[in-house]
Amino acid sequence: MRHRLSISIILASVLALTFITVDAQQGQGGSSGDRDQQMDRDYDRDMDRDRDYDRDMDQDRDRDQLRGHDQDQDRDRVQDRDRLHVTDPASMRDDDIYGSAMMSEEELKQYRNQLMNMESVEAREQYQIKHEAKMQERAQLQGKDLVPPGQGPIYGGELMTAQERNEYREQLRHMDSDEEREKFQAQHQEQMNLRAKALELDIEEAE
């Protein structure tokens, strides 16, 4: 009887130890599986983040290219606006000609004829560039104002020399965007207000 009881105890101990070992192994297997799943999720998240980064970089590059294209278009529009008469020399008025106030009737006529006899827009633009340089030199030598087509009075112009006014007009003329021109004009107005205050004068002209 005592021998049979000892065997039963030994068997019970072996079974208990077996269950404990199996449970431990299952627990370890579950932990390993969870770790693998977590690593997979982390990898997928990193891949998604890399893809998002690449997409954002591509979008930024596209925006920069578009912005550069828009700036080029703005520059072209400014040049076209300044030389509207290039495509139709016969119909342009005296006021459409750069430096017309310093040109004689014969010079104005000759200028139109030269443009009309040129076969390409590029040739006309090159001729105009040379003409503009000639008018700028003439204005400097004569101390006269050179007003580009489309420009009006300058704020505080009566407080400026002819050279200052011409430099102002040329800077304004070659700016690429309305925002840049507005900023430049605001800075100029502030400077003229300070100059008028220092001279104890009132500014009569309005831009």
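The structure under discussion appears in the preceding block.
Predicted model, so just to flag it, every value in this text is computed and none were measured.

(A) Local environment of the packing of helix H4 (residues 162-173) against helix H5 (residues 178-199). For the pair H4 and H5, the least separation of the axes is 10 Å and the interaxial angle reads 160°. On the basis of their axis angle, the class for H4 and H5 is roughly antiparallel. Crossing angle aside, the handedness with which H4 passes H5 is right-handed. Side by side, H4 and H5 meet where Glu 164, Tyr 168, Gln 171 and Leu 172 of the first sit next to Arg 181, Phe 184, Gln 185, His 188 and Arg 195 of the second. Residue classes in the contact of H4 with H5 are distributed as 3 nonpolar, 3 polar and 3 charged.

(B) Structural view of the pattern of salt bridges. Considering all chains together, one arrives at 9 salt bridges under this definition. A salt bridge links Arg 93 to Asp 96, with the nearest nitrogen and oxygen atoms 3.3 Å apart. Residue classification places Arg 93 among the exposed positions, given a relative accessible area of 55%. Each of Glu 132, Glu 170 and Arg 173 takes part in salt bridges that share partners, so that together they form one network.

(C) Spatial organisation of the environment of Asp 145. Take Asp 145: it is sitting in the loop between helix H3 (121-142) and H4. Spatially, the C-alpha atoms of Asp 145 and Arg 165 are 7.0 Å apart, while their sequence positions differ by 20 residues. Beyond its immediate stretch of four places on either side in the chain, Asp 145 contacts Ala 162, Arg 165, Asn 166 and Arg 169. A polar contact of 2.9 Å, which involves the side chain of Asp 145, links it to the side chain of Arg 169.

(D) Looking closely at the side chain of Arg 165. Along the chain, Arg 165 falls in helix H4. In this structure Arg 165 comes out as buried when scored by relative accessible area, which is 17%. A distance of 2.6 Å separates a polar atom in the side chain of Arg 165 from the backbone oxygen of Met 160. With residues up to four places along the chain from it excluded, the contact list for Arg 165 reads Asp 145, Ile 154, Gly 157 and Met 160.

(E) Structural context of the nonpolar core. Met 92, Ile 97, Tyr 98, Met 102, Met 103, Leu 108, Tyr 111, Leu 115, Met 135, Ala 139 and Leu 146 form the largest nonpolar core, which has 11 residues in total. For this core, the elements supplying multiple residues, two or more each, are helix H2 (105-117) and H3. Ranked by the residues each element gives to this core, the list is headed by H2, at 3 residues. Not counting residues within four places of it along the chain, the set of residues in contact with Met 135 comprises Tyr 98, Gly 99, Met 102, Met 103 and Leu 146. In terms of nonpolar packing, the next biggest core, distinct from the first, is built from 8 residues, Ile 154, Met 160, Tyr 168 and Met 175 among them.

Reading guide: rules and limits
Residues numbered from 1 in each chain as written. Predicted model: local features only at pLDDT ≥ 70, side-chain atom pairs only at ≥ 80, totals over all residues. Heavy atoms only, no water. Axes fitted to C-alpha atoms, helices over the stretch in contact; angles between N-to-C directions. Helix = DSSP H or I, 4+ residues; strand = E, 2+ residues; numbered from the N terminus. Parallel < 35°, antiparallel > 145°, perpendicular 65-115°, else oblique. Left-handed = near helix turned anticlockwise from the far one by under 90°. Contact = heavy atoms within 4.5 Å. Nonpolar A, V, L, I, M, F, W, Y, C, P; charged D, E, K, R; others polar. Salt bridge = Lys/Arg side-chain N within 4 Å of Asp/Glu carboxyl O. Buried < 20%, exposed > 50% of the residue type's maximum accessible area, 1.4 Å probe, protein only. Polar contact = N/O pair within 3.5 Å; in protein donor to acceptor, adjacent residues only side chain to side chain. Core = buried A, V, L, I, M, F, W, Y, C linked by side-chain atoms within 4.5 Å.

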